[in-house]
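Understanding the architecture of this molecule
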Amino acid sequence: MDRGKPGSKIHAVGDRGGLPLHVGVSAANLNDHRMLEDMVDGITPVRQPVGRPRRRPAKLHADKGYDYPECRDLLRERGIVPRIARKGIESSKRLGQHRYVIERCLEWMTRFRRLVRRYDRKASHYLGFLHLACALICYRRADRLNLLTSNNPY
């Protein structure tokens, strides 16, 4: 929580590779754990090569900003194993490798200059540009891995 800070904060849920699965925008002075329910429920199903699309992740890694009993209960109700660092008990270095993935995802978003500084008055406009940036990030990754049908010779 950034007390008294004006502006907005980007919340993101990403996969292991750092690709954004769901993003949201909130006021900068709002606690992170208040957006957890919206972020987890907003994840769209991800298609797998075989079987039904997975609706929710199996586990969720989060930093100490989400160390509240409500957050842990919320995740367990949805069948997600919470991996949340505990305040005053665990070192923040323990989740370092998992935290790096989401920090990299947020860094990819800040490469779009329009998202670094918020010029839009309406949150819906800013969120629209944020979704466009996420779509471009996913497209570039798919292009790099030759997953697009136009580049795939099979």
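Everything numeric here is computed off the predicted structure, so don't read it as measured data. (Residues numbered from 1 in each chain as written. Predicted model: local features only at pLDDT ≥ 70, side-chain atom pairs only at ≥ 80, totals over all residues. Heavy atoms only, no water.)

With that settled, the discussion passes to the overall build of the protein chain. Helices and strands together make up the secondary structure of the protein chain, namely five helices and four strands. Out of the 154 residues in the protein chain, the part that is buried amounts to 31%. A separation threshold of at least 6 residues defines the contact pool for the protein chain, and within that pool the share at least 24 residues apart is 45%. Accessible area for the protein chain stands at about 10,800 Å²; split by element, carbon and sulfur atoms hold 50% of it. (Helix = DSSP H or I, 4+ residues; strand = E, 2+ residues; numbered from the N terminus. Buried < 20%, exposed > 50% of the residue type's maximum accessible area, 1.4 Å probe, protein only. Contact = heavy atoms within 4.5 Å. Areas by Shrake-Rupley, 256 points an atom, 1.4 Å probe, with all protein chains shown as cover.)

This paragraph deals with the pairing of strand β3 (residues 59-62). Alternating residues of β3 divide into Leu60 and Ala62, all buried, and Lys59 and His61, none buried. Relative to strand β4 (residues 81-84), β3 is paired through four bridges, and the arrangement is parallel. In the sheet register, His61 faces β4, and the bridge partner there is Arg83. In this view, the connection linking β3 to its parallel neighbour β4 by way of helix α2 (residues 69-77) has right-handed handedness. (Pairing = 2+ DSSP bridges. Right-handed = clockwise from strand over helix to strand, strands pointing away.)

In this section: the side chain of His33. Relative to the elements of secondary structure, His33 occurs in the loop between β2 (20-27) and α1 (36-41). Classification of His33 as buried rests on a relative accessible area of 11%.

There is a patch of nonpolar side chains on the surface, built from Phe129, Leu132 and Leu136 and spanning about 240 Å² of accessible area. Position of Phe129 relative to the elements: it lies in helix α5 (residues 123-144). (Patch = residues over 30% accessible without salt bridge, like charges linked within 9 Å, V, L, I, M, F, W, Y side chains within 5 Å. Salt bridge = Lys/Arg side-chain N within 4 Å of Asp/Glu carboxyl O.)

Let us now look at the pairing of strand β1 (residues 8-14). The pairing of β1 with β2 spans seven bridges and is classified as antiparallel. Among the inter-strand pairings, Ser8 is bridged to a residue of β2, identified as Ala27. Following β1, the chain reverses through five residues before pairing antiparallel with β2; Gly18 in that reversal takes a positive phi of roughly 95 degrees.

Counting 13 residues, the largest nonpolar core has Val23, Met109, Phe112, Leu115, Leu130 and Ile137 as the members making the most contacts within it. If you look at the next biggest cluster of nonpolar residues, it comprises 10 residues, including Ala62, Tyr66, Cys71 and Leu75. (Core = buried A, V, L, I, M, F, W, Y, C linked by side-chain atoms within 4.5 Å.)

Quick look at α5 now. Its 22 residues give α5 an end-to-end C-alpha distance of 31 Å, which sits within 8% of 32 Å, the value for a rise of 1.5 Å per residue. All of the buried residues in α5 are Tyr126, Leu130, Ala133, Cys134, Ile137 and Ala142. (Expected span 1.5 Å × (residues − 1).)

The final tally for this structure, using the stated rule, is seven salt bridges. Here Glu77 and Arg78 are joined by a salt bridge, their closest N and O atoms 3.9 Å apart. Salt bridges linked by common partners bring Glu37, Asp41, Glu77 and Arg78 together as one network.

With that settled, the discussion passes to the confidence of the model for the protein chain. In the predicted model, the protein chain carries a mean pLDDT of 83, and 87% of its residues have values of at least 70. Mean pLDDT values for the elements of the protein chain range from 80 in helix α3 (residues 96-109) up to 93 in α2. (pLDDT = per-residue confidence, 0-100.)

This brings us to the side chain of Asp32. Take Asp32: it is sitting in the loop between β2 and α1. For Asp32, a relative accessible area of 18% translates into the label buried. Once you skip the residues sitting within four places of it in the chain, Asp32 turns out to touch Lys9, His11, Gly65 and Tyr66.

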